[in-house]
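Fold and contact review
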Amino acid sequence: MKKDTRITTTGRRPDKNFGIVNPPVYHASTVIYPSMAALDQAHKDRRNGVKGVYYGRTGTPTTHALEDAVADLEGGECCVAVPSGLAAIAAGLVAFLETGDHLLMTDNVYDPTKSRVCEDLLKKFGVETTYYDPMTGSGIADAIKENTKVVFVESPGSQTFEVQDIPAIAKEAHKKGAVVVMDNTWSGGYYFQPFEHGVDVSVHAATKYIVGHSDAMLGTVTTTEALFPKIKSAVNSLGYAAAPDDCYLGLRGLRSIAARLPRHQETGLLLANWLAEQPEVERVLHPALPSCPGHEFWKRDFTGSSGLFGVVFKEFSPKALAAMIDGMELFPIGFSWGGYESLMVPTYPAGMRSNPPWPHKGPSIRIHAGLEDPDDLIKDLEQGLKRLSGTS
Ligand SMILES: *Cc1c(COP(=O)(O)O)cnc(C)c1O
């Protein structure tokens, strides 16, 4: 069956739920065993990785339905749901790293991956991180050390949107025995199939496009059967338990991703192309535009673009930028993109990037194109640019 068909069917069990289409929300902490023999069997099954209902923390049928659907969406074999995207990133890394190991992290990664996971958590436990140039491709070979256990990719990168040559990076990583972990949030899992491009572990902030309605925090880690025990063990050790209500919202959001993302794509491209023509704009950072670094890899490896992109302006004062952003009607300031609504936030890549340093002096923003009518969005942007350039 094709992907869109599977997205609407996988993880459903009406035969087990009175014919009800959607798996209900099972809330649980305690699970009762009828006998010691049953308890013994449950222990054995858990050790052997059999997906079952053992204890609330290890998931209920609601959790498992979401996990099955996300694994299918991404073309992976196994998935585990966790309480946030950042939790998924932490689990995907600690599963493969220990004291004395080395991690290669793309320099354009989501900032909390850098500041919280690498520079706080992993550093405390003696794992060293090197930030590599996202455009390095097979040049990654020179950065891989004897003790490099993980190469982490995020494509396109947060804020600056460079698209990585993931197959080339994965080839070199695998030659040296390193695992490739990807943050695949931007594509929604819908426009990029990680396991067809050499990725071993795909993590998502399901909070974004999978939930899709700005009303739940959720993460997923998808991988192969061979690597899943390590991921599951890390998730168990960390004590993560994704809430059943949020798993339900994730699954409910996922069912309509094939309808939502093309609209986000269409409006995102309309806005990006319009902005690229405006005199206030220095550069638009959108993987589907030929000016985007790695655009050729996006064309080769992705099947579409989502609604998130960046804009770099010519040099304007912080006051002018605030006049623009504060006055927007349809683009409120907010972080968690991927919902149905448009958003705008100022970005500060100069303070985050070191390899290579950020070349632009003008202010920059990130836009999420929502499901509103694009004519209204462009009118709002038009007024915003007037406030930015002081001509309003
Ligand atoms: C938002 C985001 C995350 C973190 O997800 P949360 O659910 O907010 O923890 C991770 N990676 C990327 C690329 C994101 O945009």
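The structure presented is a predicted model; accordingly, all values stated were derived computationally and were not measured. (Residues numbered from 1 in each chain as written. Predicted model: local features only at pLDDT ≥ 70, side-chain atom pairs only at ≥ 80, totals over all residues. Heavy atoms only, no water.)

Let's talk about the domain arrangement of the protein chain
In many analyses, interface size is given as the accessible surface area lost on bringing the parts together. Test applied: Domain segmentation is taken from an automatic or database assignment of domains. In what follows, a contact means two residues having at least one pair of non-hydrogen atoms within 4.5 Å. Computed with a 1.4 Å rolling probe, the buried area is the accessible surface lost when two parts are put together, summed over both parts. We count a salt bridge whenever a side-chain nitrogen from Lys or Arg sits within 4 Å of a carboxyl oxygen from Asp or Glu. Under the rule applied, a polar contact is a pair of N or O atoms within 3.5 Å (in protein, one hydrogen donor and one hydrogen acceptor; residues adjacent in sequence only if both atoms are side-chain atoms).
For the protein chain, the domain assignment lists domain 1 (3–254) and domain 2 (257–390). Put simply, the middle of domain 1 and the middle of domain 2, counted by C-alpha atoms, are 27 Å apart. Taken together, the 38 residues of domain 1 in the interface contact 42 residues of domain 2. Taking both sides of the interface into account, the surface hidden between domain 1 and domain 2 amounts to around 3,500 Å²; carbon and sulfur atoms contribute 60%. It is Trp-186, Tyr-191 and Tyr-209 that lose the most area in domain 1 upon contact with domain 2, and together they represent 26% of the buried surface on that side. Between Glu-162 and Arg-353 there is a salt bridge whose closest N-O contact spans 2.9 Å. Linking domain 1 with domain 2 are 19 residue pairs in polar contact (both at pLDDT 80 or more), by the criterion used here.

Regarding the sheet that holds strand β11 (residues 364–368)
To be explicit about the condition: Note on pairing: DSSP must find at least two bridges between two strands before they are called paired. Helix and strand assignments follow DSSP, with helices taken as H or I runs no shorter than four residues and strands as E runs no shorter than two, numbered in order from the N terminus. Each axis is a line fitted through C-alpha atoms, taken for helices only over the stretch in contact, and angles between the N-to-C directions span 0 to 180 degrees.
An order of β8-β9-β11-β10 is seen for the four strands of this open sheet, with the pairing classed as antiparallel. The sheet is open, and its two edges are formed by β8 (281–285) and β10 (343–347), each paired on a single side. When the angles between neighbouring strand axes are averaged without regard to direction, this sheet yields 25°. Here β10 runs beside β11; their pairing, made up of five bridges, is antiparallel. Bridge pairing links Met-344 to Ile-367 in β11.

As for the pattern of salt bridges
Side-chain pairs of opposite charge can arise where the charged atoms are in close proximity. Basically, it comes down to this: Burial status follows relative accessibility: with a 1.4 Å probe on protein chains alone, a residue under 20% of its type maximum counts as buried, one over 50% as exposed, and anything between as partly exposed.
In this structure the tally under the stated criterion is 15 salt bridges. Notably, a salt bridge pairs Asp-72 with Arg-6, separated by 2.3 Å at the nearest N-O pair. Note that Asp-72 is positioned in helix α3 (residues 61–74) and Arg-6 in helix α1 (residues 3–9), a separation of 66 residues in sequence. Judged by relative accessible area, which is 22%, Asp-72 ranks as partly exposed. Asp-165 is the salt-bridge partner of Arg-300, the closest N and O atoms lying 2.7 Å from each other. Of this pair, Arg-300 sits in helix α10 (residues 295–301) while Asp-165 sits in the loop between β4 (148–154) and α6 (166–175), and the two are 135 residues apart along the sequence. When its relative accessible area of 46% is taken as the criterion, Arg-300 is described as partly exposed. Salt bridges sharing common partners tie together Asp-107, Lys-114, Glu-162 and Arg-353.

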